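Fold and geometry: a report
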Amino acid sequence: MSENSIINKRFIQYNLIAFVAVFLSRYAIIPFDHYNISVANYIWLPMGASIFAILMFGNRAFFGVLAGYLVAALIIKGGFDMVYINSYLGKVIDSLAPVIAIWAMRSANFGNFFFAGKANYAHILALIVLTVFLATLGKLIVYPMNGKIIDDWTWFMQSYSISGILGGIVFIIAALVIFKPTLIRHNII
């Protein structure tokens, strides 16, 4: 097998894993959905799935993360409607936030997330908080662009931040506990 076909196979595998993780984690939290844009879900597991996928597979998993968010949103909302464009832009922001946060932390020499198969939970927690902050700030800017009114921006920031941080912690810790032997065996961590 040539080197290019191995790289292409891994690219497809990583994006498929990222897609499934984000898509299924979004479906798992449907019972917690709110229809008031100012109130986030109680736990936003897709944030953890997107951070985990980008952290494990690098930026090559971005397309799988984005596709997972967008396909789940399309199915949950029952199709594409311009009324929900802010929601889709929010999914793009949620997909980009982990990429930007990991790049920023590594640029600041604070991105040592794994060493010899062991997780550096302090750096991972900082990554979760930075990613959620970037995503929430982006949504605070994008959501009102479609005429959606955020009644209380401080409540919006608190609600979305707590939801994303909780979802990130729960998903990443669960994934590391469950998949750690596989990740070590395949030299991913």
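Keep in mind it's a predicted model, so treat the numbers as computed, not measured.

**A few points about the overall build of the protein**
Within the protein, the regular secondary structure consists of six helices and two strands. If you list the helices and strands of the protein from N to C, you get α-α-α-α-β-β-α-α. Radius of gyration (C-alpha) of the protein: 17 Å, near the 16 Å computed for a compact globule of 189 residues. C-alpha extents for the protein along the principal axes are approximately 50 × 35 × 30 Å. When the 189 residues of the protein are sorted by exposure, 44% land in the buried category. Considering only contacts within the protein whose residues lie at least 6 apart along the sequence, 71% involve residues at least 24 apart. Summed over all atoms, the accessible surface of the protein reaches about 10,100 Å², with 69% contributed by carbon and sulfur.

**Side note on the nonpolar core**
Counting residues in hydrophobic clusters, the biggest one holds 46 residues, and the most contacted among them are Phe-52, Leu-55, Met-56, Phe-113, Phe-114, Ile-124 and Leu-127. When contributions to this core are tallied by element, the ones reaching two or more residues are helix 1 (3-28), helix 2 (45-57), helix 3 (62-77), helix 4 (85-107), helix 5 (121-142) and helix 6 (153-185). Looking at which element gives the most residues to this core, the answer is helix 2, with ten residues. Among residues more than four places away in sequence, those in contact with Phe-52 are Phe-171, Ile-172, Ala-175, Leu-176 and Leu-183.

**Concerning the packing of aromatic side chains**
Scanning the entire structure with this criterion turns up seven aromatic pairs. Put simply, the rings of Phe-11, Phe-62 and Phe-63 pair up and form one aromatic cluster.

**What about a nonpolar patch on the surface?**
A surface patch of nonpolar side chains, amounting to about 520 Å² of accessible area, comprises Tyr-121, Ile-173, Val-177, Ile-178 and Phe-179. A per-element tally of the nonpolar patch places helix 6 first, with four residues. Looking at the element boundaries, Ile-178 is found in helix 6. Residue class for Ile-178 comes out exposed when judged on its relative accessible area of 57%.

**Here we look at the confidence of the model for the protein**
Per-chain confidence: the protein averages 88 in pLDDT, with 91% of residues scoring 70 or above. The element-level mean pLDDT for the protein is lowest in strand 1 (residues 114-115), coming to 88, with helix 2 highest at 96.

**Thoughts on the pattern of salt bridges**
One pass over the structure, following the stated rule, counts one salt bridge. The partner of Asp-94 in a salt bridge is Lys-139, with the nearest N and O atoms 3.0 Å apart. With Asp-94 in helix 4 and Lys-139 in helix 5, this pair connects stretches of sequence that are 45 residues apart. Accessibility classification places Asp-94 together with Lys-139 in one group, the buried group.

**A short note on unusual backbone geometry**
Here Ala-116, not a glycine, exhibits a phi torsion of approximately 55 degrees, which is positive. Although it is not a glycine, Asn-187 sits at a positive phi angle of roughly 55 degrees. Tracing the sequence through the fold places Asn-187 in the segment after helix 6. Among the residues examined, Asn-187 registers a relative accessible area of 67% and is labelled exposed.

**Notes on the packing of helix 5 against helix 6**
Axis separation between helix 5 and helix 6 bottoms out at 9 Å; the angle between their running directions is 145 degrees. Judged by the twist between their axes, the crossing of helix 5 over helix 6 is right-handed. Mapping the contact onto sequence places Tyr-121, Ile-124, Leu-125, Ile-128, Val-129, Val-132, Phe-133, Thr-136, Lys-139 and Leu-140 in helix 5 and Trp-153, Phe-156, Met-157, Tyr-160, Ser-161, Gly-164, Ile-165, Gly-168, Ile-169, Ile-172, Ile-173 and Leu-176 in helix 6. Looking at the contact of helix 5 with helix 6 residue by residue, the classes come out as 17 nonpolar, four polar and one charged.

**A closer look at the side chain of Arg-26**
The topology assignment puts Arg-26 in helix 1. Beyond its immediate stretch of four places on either side in the chain, Arg-26 contacts Asp-33, Asn-41, Trp-44, Pro-46, Ala-72 and Ile-76.

Parameters and conventions
- Residues numbered from 1 in each chain as written.
- Predicted model: local features only at pLDDT ≥ 70, side-chain atom pairs only at ≥ 80, totals over all residues.
- Heavy atoms only, no water.
- Helix = DSSP H or I, 4+ residues; strand = E, 2+ residues; numbered from the N terminus.
- Rg over C-alpha atoms; globule rule 2.2 N^0.38 Å.
- Buried < 20%, exposed > 50% of the residue type's maximum accessible area, 1.4 Å probe, protein only.
- Contact = heavy atoms within 4.5 Å.
- Areas by Shrake-Rupley, 256 points an atom, 1.4 Å probe, with all protein chains shown as cover.
- Core = buried A, V, L, I, M, F, W, Y, C linked by side-chain atoms within 4.5 Å.
- Phe/Tyr/Trp six-rings, centres within 6.5 Å; stacked < 30°, edge-to-face > 60°.
- Patch = residues over 30% accessible without salt bridge, like charges linked within 9 Å, V, L, I, M, F, W, Y side chains within 5 Å.
- Salt bridge = Lys/Arg side-chain N within 4 Å of Asp/Glu carboxyl O.
- pLDDT = per-residue confidence, 0-100.
- Axes fitted to C-alpha atoms, helices over the stretch in contact; angles between N-to-C directions.
- Left-handed = near helix turned anticlockwise from the far one by under 90°.
- Nonpolar A, V, L, I, M, F, W, Y, C, P; charged D, E, K, R; others polar.

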